[in-house]
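Descriptive structure summary
Listed here are the chains, written in short residue letters.
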Amino acid sequence: MTEPIEFLWWKHGVIYQIYPRSFRDSSGNGIGDLQGIIEKLDYVAELGVDAIWVSPCYPSPMADFGYDVSDHCDIHPLFGTLQTMDALLQAAHQRDLCVMLDFVPSHTSEQHQWFQESRASRSNPKRDWYTWRDTGPDGGPPNNWLSIFGGPAWEWDAHTRQYYLHTYLKEQPDLNWRNPAVKEAMFSVVRFWLERGVDGFRVDAAHGFMKDPVLRDNPPNRNNAAIGYESMDAYDSQLHVNDRGHPDIHAVYRELRALLDEYSRARPRFTVGEIHIFDWSKWASYYGANLDEIHMPGNFTLVRIPWRASLVRGKVDELEAALPAGAWPNHVLGNHDEHRIASRYGAAAARTAAMLLLTLRGTPTLYYGDEIGMLNVTVPAEKCQDPWPQRSGKPELSRDPQRSPMQWDARPGAGFSGPAVHGDLPEPWLLFHPEYQRLNVATQRDEPGSMLDLYRCLLRLRRETPALTHGEYRALDDAPPAVYGYLREYGGDRLLVLLNFEGESKQVTSVSFDYGEVLLSTTLDRDGAEGLDPMVLRPYEGVIIRV
Ligand code: NOJ
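Values in this document were obtained by computation on a predicted structure and should not be read as measured data.

The amide bond that connects D533 to the next residue, P534, takes the cis arrangement and shows omega of 5 degrees. The topology assignment puts P534 in the loop between β17 (528-531) and β18 (535-537). At F65, a position not held by glycine, the phi torsion is positive, near 45 degrees. Relative to the helices and strands, F65 is located in the loop between β2 (51-54) and α4 (82-94). Judged by its relative accessible area of 7%, F65 falls in the buried class. The phi angle at Y540 is positive, at roughly 55 degrees, despite the residue not being glycine. Relative to the helices and strands, Y540 resides in the loop between β18 and β19 (542-546). A relative accessible area of 24% means that Y540 is categorised as partly exposed.

A word on the sheet that holds strand β6 (residues 162-165). With antiparallel pairing, the three strands of this open sheet are ordered in space as β4-β6-β5. Strands with a single pairing partner mark the edges of an open sheet, and in this sheet they are β4 (132-133) and β5 (154-157). Pairing of β4 with β6 involves two bridges; the strand directions are antiparallel. Pairing of R133 across the sheet is with Y163, part of β6.

The subject of this paragraph is helix α11 (residues 347-359). Between its terminal C-alpha atoms α11 stretches 19 Å, which fits the 18 Å expected from 13 residues at 1.5 Å a residue. Burial analysis of α11 places 11 of its 13 residues in the buried class, the great majority of the element. Here α11 has its buried residues at A349, A350, R351, T352, A353, A354, M355, L356, L357, L358 and T359.

Axes are the key here: two packed helices are described by the angle between their axes and the distance separating the axes. Running from N to C, α11 and helix α14 (residues 451-464) point in directions that differ by 15 degrees, and their axes come no closer than 10 Å. It follows that α11 is roughly parallel to α14 by the angle criterion. The element α11 and its partner α14 pack so that their crossing is right-handed. Taken together, the residues of α14 that come into contact with α11 (itself represented by A350, R351, A354, M355, L358 and T359) are M451, L454, Y455, L458, L459 and R462. Along the lines of polarity and charge, the residues of the contact of α11 with α14 split into nine nonpolar, one polar and two charged.

This part is about the side chain of N124. Secondary-structure assignment places N124 in the loop between α5 (113-118) and β4. Here the side chain of N124 touches E117 through a polar contact of 3.1 Å, landing on its backbone oxygen. Beyond its immediate chain neighbours, meaning those up to four positions away, N124 contacts E117 and S118.

With respect to the helices and strands, the residue A479 is situated in the loop between β12 (472-475) and β13 (483-490). Sequence separation between A479 and P534 is 55 residues, and the spatial gap between their C-alpha atoms is 11 Å.

Further remarks concern the site of the ligand. Neighbouring residues of the ligand: D64, Y67, H107, F149, Y168, R202, D204, E274, H336, D337, R399 and R403. Here an oxygen atom of the ligand sits 2.5 Å away from a polar atom, N or O, in the side chain of D337. Contact distances for the ligand include 3.0 Å between an oxygen atom and a side-chain N or O atom of R399. Protein contact buries 98% of the 300 Å² of open area that the ligand shows by itself. Residue classes in the shell around the ligand are distributed as three nonpolar, two polar and seven charged.

Turning next to the side chain of H470. Among the structural elements, H470 can be located in the loop between α15 (466-469) and β12. A distance of 2.7 Å separates a polar atom in the side chain of H470 from a polar atom in the side chain of T469. H470 has contacts with I5, E6, H12, R488 and Y490, leaving out every residue within four places of it along the chain.

This next bit is on the packing of helix α6 (residues 180-196) against helix α7 (residues 249-264). Taken N-terminus to C-terminus, the directions of α6 and α7 make an angle of 25 degrees; their axes are 11 Å apart at the nearest point. Between α6 and α7, the angle falls in the class roughly parallel. The handedness of the crossing between α6 and α7 comes out as right-handed. Residues K183, F187, V190, R191, L194 and E195 of α6 form the contact with α7, whose own contacting residues are V252, E255, L256, L259, L260 and Y263. Residues belonging to the contact of α6 with α7 are distributed by class as follows: eight nonpolar, no polar and four charged.

What counts and what doesn't
- Residues numbered from 1 in each chain as written.
- Predicted model: local features only at pLDDT ≥ 70, side-chain atom pairs only at ≥ 80, totals over all residues.
- Heavy atoms only, no water.
- Helix = DSSP H or I, 4+ residues; strand = E, 2+ residues; numbered from the N terminus.
- Buried < 20%, exposed > 50% of the residue type's maximum accessible area, 1.4 Å probe, protein only.
- Pairing = 2+ DSSP bridges.
- Expected span 1.5 Å × (residues − 1).
- Axes fitted to C-alpha atoms, helices over the stretch in contact; angles between N-to-C directions.
- Parallel < 35°, antiparallel > 145°, perpendicular 65-115°, else oblique.
- Left-handed = near helix turned anticlockwise from the far one by under 90°.
- Contact = heavy atoms within 4.5 Å.
- Nonpolar A, V, L, I, M, F, W, Y, C, P; charged D, E, K, R; others polar.
- Polar contact = N/O pair within 3.5 Å; in protein donor to acceptor, adjacent residues only side chain to side chain.
- Near = heavy atom within 4 Å.
- Areas by Shrake-Rupley, 256 points an atom, 1.4 Å probe, with all protein chains shown as cover.

Written out as structure tokens, the structure reads:
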């Protein structure tokens with residue numbers, strides 16, 4: 001008898017990210033809501049994922065679509081109420097789905113009560129909850145820091161005649177985590193949700209909320225070295241050594257982890273951090289020297305490189321090498337900040353990407369709609385919602401294209417909105433993709449070989465196969481350049497994954513195995529015993545072979 005193996009949801013499972021505005025609108029006002037998510041939980045559970053991560057649904061003026069939180073312990077009326085969230089938690093747990101929320105520690109909305117108090121006067125007890133400074137020596141902002149969304153990171157407050165710091169929009173003032181009262185207040189927020197039954201958090205801008213204590217200028221980025229963030233010329237003109245990734249953040253994460261661990265005695269709770277740091281050792285430091293900080297720093301390296309076998313393999317191998325002993329990896333290919341996978345790589349390669357994501361070692365995060373191959377939507381300038389292109393003047397930075405409403409079926413309105421209050425279908429908050437009649441859940445559910453079919457097969461195979469959930473990873477050195485090949489192995493079960501990254505057939509002659517059993521191909525039309533010397537992969541084909 002083999003020992004039963006432990007299945008820990010955040011390690012061995014798959015996380016499905018839901019952007020609540022865009023998933024399902026139950027109320028018929030054109031904006032998705034929590035009741036809509038509840039209505040679609042059977043779909044999510046049948047898909048075969050293990051957890052949902054719900055992007056911010058807290059009260060917010062929506063300057064940054066919920067990442068400007070005005071009350072961390074409530075739900076925006078657009079999305080429902082605290083009771084709807086309780087019902088969502090209950091309905092998800094009944095289906096063995098864990099629930100993660102976004103935790104946004106680095107800033108609040110300017111309309112948050114804390115900031116309202118803070119900006120009321122220089123002597124307000126909450127003044128020091130945010131970062132306020134006098135003008136700098138040249139009469140301008142206190143230092144040279146820049147906002148990621150464009151312009152200086154400082155906004156002048158005419159009433160109290162000081163500047164406040166905002167790493168993102170001016171409507172998102174940065175909290176001052178060096179003030180112990182701020183830390184306590186934010187930890188209470190974490191407790192509030194853990195008490196309500198939330199299983200974990202995605203920590204927004206997790207590398208950003210501790211800054212240089214004396215706010216020194218950032219040095220210039222003289223060689224224009226790739227910073228690896230959003231390639232925004234102005235922002236990239238500096239090395240962000242003083243306004244992000246300050247080592248003092250680790251002490252906060254140790255405390256946060258201790259808090260999570262307290263609650264994990266009952267059942268495992270979890271944090272994944274949005275860490276846009278592309279120096280591997282700095283990135284890995286967020287696990288903590290004793291694996292006592294965040295459970296996983298999010299790994300976004302694959303999103304930022306071209307779709308080439310050698311580059312992807314290089315990044316995966318670098319990640320594996322950078323992991324501290326005992327630390328668990330993770331991979332992201334899509335989210336609400338990144339263009340759709342099927343638009344970045346093309347529809348055929350998106351199938352290969354699905355196999356990559358679900359067969360690498362580590363926790364995959366799957367962005368809603370990628371399982372039906374959703375594409376970027378072209379949003380005309382006058383309908384643009386995202387503040388980023390508007391503030392930076394760079395339309396190419398818009399995140400609207402990847403946030404369009406989920407395409408549930410082929411009817412007008414794509415099944416996104418429930419019955420409209422006044423009869424007619426409401427206008428959705430963002431346009432649907434014109435190809436929704438082809439790319440939708442209902443159509444693909446009945447279509448053998450569809451993208452949805454592929455995702456379900458991959459998710460099923462992954463769940464049934466410890467080599468994929470728990471196994472070791474080893475890259476193959478003898479695959480041809482267009483092919484990324486690796487082995488996943490657990491308890492004597494050995495799987496070979498071969499992924500053809502290019503649009504021509506590739507003959508793989510040099511793999512060290514003569515014969516194997518194909519468990520799954522991205523074309524879904526090939527399985528069973530097969531000779532491997534040679535093996536011909538069709539354009540963009542990926543295969544999982546038991547060898
Ligand atoms: C990262 C989030 O993913 C992004 O959507 C948001 O705009 C910024 N953090 C600010 O919270």
